[in-house]
Amino acid sequence: MRKIVLLTGIMGGFGKKILDTFIKDNYFVIGTYAKNARKAKELVGRYTSKNLEIYQMDQRNLENVSRVTQKIILDYPVIDVLILNAGITRDSFIFNMTENNWSEVIDTNLLGAIQVAKNIFPVMRRNKFGRIIIMSSVSGVYGREGQVNYSLSKGGLIGLSQLLGSMVDLNEDIIVNTLAPGMIKTEMLDMSNQKNVNQFLKACCAKRVGDTSDVAELTRFLASKSNCYSQNTLFQIDGGFMKC
Ligand SMILES: NC(=O)c1ccc[n+]([C@@H]2O[C@H](COP(=O)([O-])OP(=O)(O)OC[C@H]3O[C@@H](n4cnc5c(N)ncnc54)[C@H](OP(=O)(O)O)[C@@H]3O)[C@@H](O)[C@H]2O)c1
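Everything quoted here is computed from the prediction, not taken from an experiment.

K.L.:
I'd like to hear about the overall build of the chain, residue by residue, with values.
P.N.:
Regarding its fold elements, the chain presents nine helices and seven strands. Here the C-alpha radius of gyration of the chain, 17 Å, is about what a compact globule of 244 residues would show, namely 18 Å. Dimensions of the chain, computed from the C-alpha atoms along their principal axes, are close to 45 × 40 × 30 Å. Within the span of the chain, comprising 244 residues, buried residues form 51% of the whole. Excluding contacts between residues fewer than 6 apart, the proportion of contacts in the chain whose partners are at least 24 apart in sequence is 74%. In the chain, the 30 positive side-chain charges and the 22 negative ones have mean positions that sit 3 Å from each other.

Below, the structure is given as structure tokens:
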């Protein structure tokens, strides 16, 4: 049977690469995007309705997330893989952080993702199968003082992974893991200031930023049935950040 994956943030750097990778693996992909309807239409045009369906969902609005995920479940009662990938940055130090930047990042990255998981996890339990991959960040593991809102949201996602993983019963083939990428070449990275990038490179054994294909390949494995003996594991994909 063809497997179905729900991927949030399909239009971003990671999202597009993961989409390509999963379609090549013959998954049916359900994707969500937030704003850019024109770009979303272009993306759909590149695939066929046999491979991909997309929904607009704003993770800042929990009511909207509930409504859209309920609609997805009605349309697709079996969801094999959930990839919680959507996320934003609004970087600042703690003393300069505006209320809006706090809430925008925490709502989108953490509360919105929790709401998606809350609705999709029971679907997986009903089907006794699921793979959940949560996109955290090295900022969530080590914390970054210039990214306090982002670091907290990504640290919270590691907690979400542990919570969901601990709820899985023995008779359910459900595995929850978290990915913590370092700096990966995307538009999000292009928005980072060069000082931050240099700091990362200094502490990174590989002395280079990563590629979206590195993230997509690990995601592909974590989504597969071959991933059968991990649970609540945090996979750092960061060129050995802070390890040399
Ligand atoms: N790039 C890196 O170096 C890096 C490193 C570590 C972790 N990460 C994490 O990996 C994930 C993907 O990163 P990326 O580089 O692909 O980011 P990106 O290119 O900026 O894409 C972000 C995605 O999030 C979606 N999004 C933004 N606001 C949203 C909202 N309110 N509701 C729902 N979706 C929303 C965007 O949708 P629209 O396009 O429709 O606005 C877009 O698809 C993020 O969670 C990020 O924190 C990235």
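K.L.:
An account of helix H4 (residues 99–127) is needed here, citing residue identities and associated values.
P.N.:
The end-to-end C-alpha distance of H4 is 41 Å, a good match for the 42 Å that 29 residues give at a rise of 1.5 Å each. Of all the bends in H4, the greatest measures close to 45° and is centred on Asp107. In the stretch just after H4, Lys128 is the one whose phi turns positive, near 60°.

K.L.:
I'd love a proper account of unusual backbone geometry, names of residues and values included.
P.N.:
Among all residues except glycine, the phi angle is most often negative; among peptide bonds, the trans geometry is most common. Notably, Asn26 is not glycine yet its phi reads approximately 70°, a positive angle. Taking relative accessible area as the criterion, Asn26 reaches 48% and is therefore assigned partly exposed. The phi angle at Lys207 is positive, at roughly 55°, despite the residue not being glycine. By relative accessible area, Lys207 is classed as partly exposed at 49%.

K.L.:
Got a sec to walk through the nonpolar core? Specific residues and values, please.
P.N.:
Counting residues in each nonpolar core, the largest one holds 31 residues, and the members touching the most others are Leu6, Ile30, Leu82, Leu84, Val116, Ile120 and Ile132. Listing elements by their share of this core, those giving two or more residues are strand E1 (4–8), strand E2 (28–33), helix H3 (62–75), strand E4 (81–84), H4, strand E5 (129–135), helix H6 (148–167) and strand E6 (173–181). Per element, the largest residue contribution to this core is nine residues, and it comes from H4. Not counting the four nearest positions on each side in its chain, Leu6 is found in contact with Ile30, Thr32, Ile72, Ile79, Val81, Leu82, Ile83, Val116 and Ile120. Ranked by size, the runner-up nonpolar core spans 28 residues in total, among them Leu7, Ile18, Phe22 and Ala223.

K.L.:
So what about the site of the ligand? Which residues, and what values?
P.N.:
The full set close to the ligand counts 30 residues, and Ala34, Gln59, Asn85, Tyr150 and Lys154 are the nearest of them. Within the side chain of Thr186, one N or O atom sits 2.8 Å away from a nitrogen atom of the ligand. Bound to the protein, the ligand loses 89% of the 890 Å² it would expose on its own. Residue assignment for the shell around the ligand shows that the elements contributing at least two residues are helix H1 (13–24) and H6. Grouping the amino acids of the shell around the ligand by side-chain chemistry returns 14 nonpolar, 12 polar and four charged.

K.L.:
Please give an account of the pattern of salt bridges that cites residues and values.
P.N.:
Taken as a whole and assessed by the stated rule, the structure comprises 12 salt bridges. The partner of Arg131 in a salt bridge is Asp173, with the nearest N and O atoms 3.0 Å apart. Linking Arg131 in strand E5 with Asp173 in strand E6, this pair joins segments that are 42 residues apart in sequence. One continuous salt-bridge network, built from bridges that share partners, spans Asp25, Glu217 and Arg220.

K.L.:
Before we move on, can you summarise the packing of H4 against H6 with the specific residues and values?
P.N.:
The N-to-C vectors of H4 and H6 enclose an angle of 15°; their axes lie 9 Å apart at closest approach. By the angle between their axes, H4 is roughly parallel relative to H6. Once H4 is placed against H6, the crossing between them reads as right-handed. Of the residues in H6, those in contact with Asn101, Trp102, Val105, Ile106, Asn109, Leu110, Ala113, Ile114, Ala117, Phe121 and Arg125 of H4 are Val148, Asn149, Tyr150, Leu152, Ser153, Lys154, Gly156, Leu157, Leu160, Leu164 and Met167. Per-class residue counts for the contact of H4 with H6 are 15 nonpolar, five polar and two charged.

K.L.:
Could you give an account of a nonpolar patch on the surface, naming the residues involved and the relevant values?
P.N.:
Taken together, the side chains of Leu62, Leu111 and Ile114 present a nonpolar region at the surface, about 200 Å² in accessible area. Counting through the fold element by element, Leu111 comes out in helix H4. Residue class for Leu111 comes out partly exposed when judged on its relative accessible area of 35%.

K.L.:
An account of the packing of H3 against H4 is requested, with residue identities and associated values reported.
P.N.:
Geometrically, a packed helix pair is captured by the angle between its two axes and the distance between the axes. Here H3 crosses H4 at 25°, and the two axes come no closer than 9 Å. Relative to H4, the element H3 is oriented roughly parallel. The handedness of the crossing between H3 and H4 is right-handed. Here H3 contributes Leu62, Val65, Ser66, Thr69, Gln70 and Ile73 to the contact with H4, which in turn contributes Leu111, Gly112, Gln115, Val116, Asn119, Ile120, Val123 and Arg126. Of the residues contributing to the contact of H3 with H4, the split by class is seven nonpolar, six polar and one charged.

The rules behind each value
Residues numbered from 1 in each chain as written. Predicted model: local features only at pLDDT ≥ 70, side-chain atom pairs only at ≥ 80, totals over all residues. Heavy atoms only, no water. Helix = DSSP H or I, 4+ residues; strand = E, 2+ residues; numbered from the N terminus. Rg over C-alpha atoms; globule rule 2.2 N^0.38 Å. Buried < 20%, exposed > 50% of the residue type's maximum accessible area, 1.4 Å probe, protein only. Contact = heavy atoms within 4.5 Å. Lys, Arg positive; Asp, Glu negative; His and termini not counted. Charge placed at Lys NZ, Arg CZ, Asp CG, Glu CD. Expected span 1.5 Å × (residues − 1). Bend = angle between axes of the 7 residues up to and from the residue. Core = buried A, V, L, I, M, F, W, Y, C linked by side-chain atoms within 4.5 Å. Near = heavy atom within 4 Å. Polar contact = N/O pair within 3.5 Å; in protein donor to acceptor, adjacent residues only side chain to side chain. Areas by Shrake-Rupley, 256 points an atom, 1.4 Å probe, with all protein chains shown as cover. Nonpolar A, V, L, I, M, F, W, Y, C, P; charged D, E, K, R; others polar. Salt bridge = Lys/Arg side-chain N within 4 Å of Asp/Glu carboxyl O. Axes fitted to C-alpha atoms, helices over the stretch in contact; angles between N-to-C directions. Parallel < 35°, antiparallel > 145°, perpendicular 65-115°, else oblique. Left-handed = near helix turned anticlockwise from the far one by under 90°. Patch = residues over 30% accessible without salt bridge, like charges linked within 9 Å, V, L, I, M, F, W, Y side chains within 5 Å.

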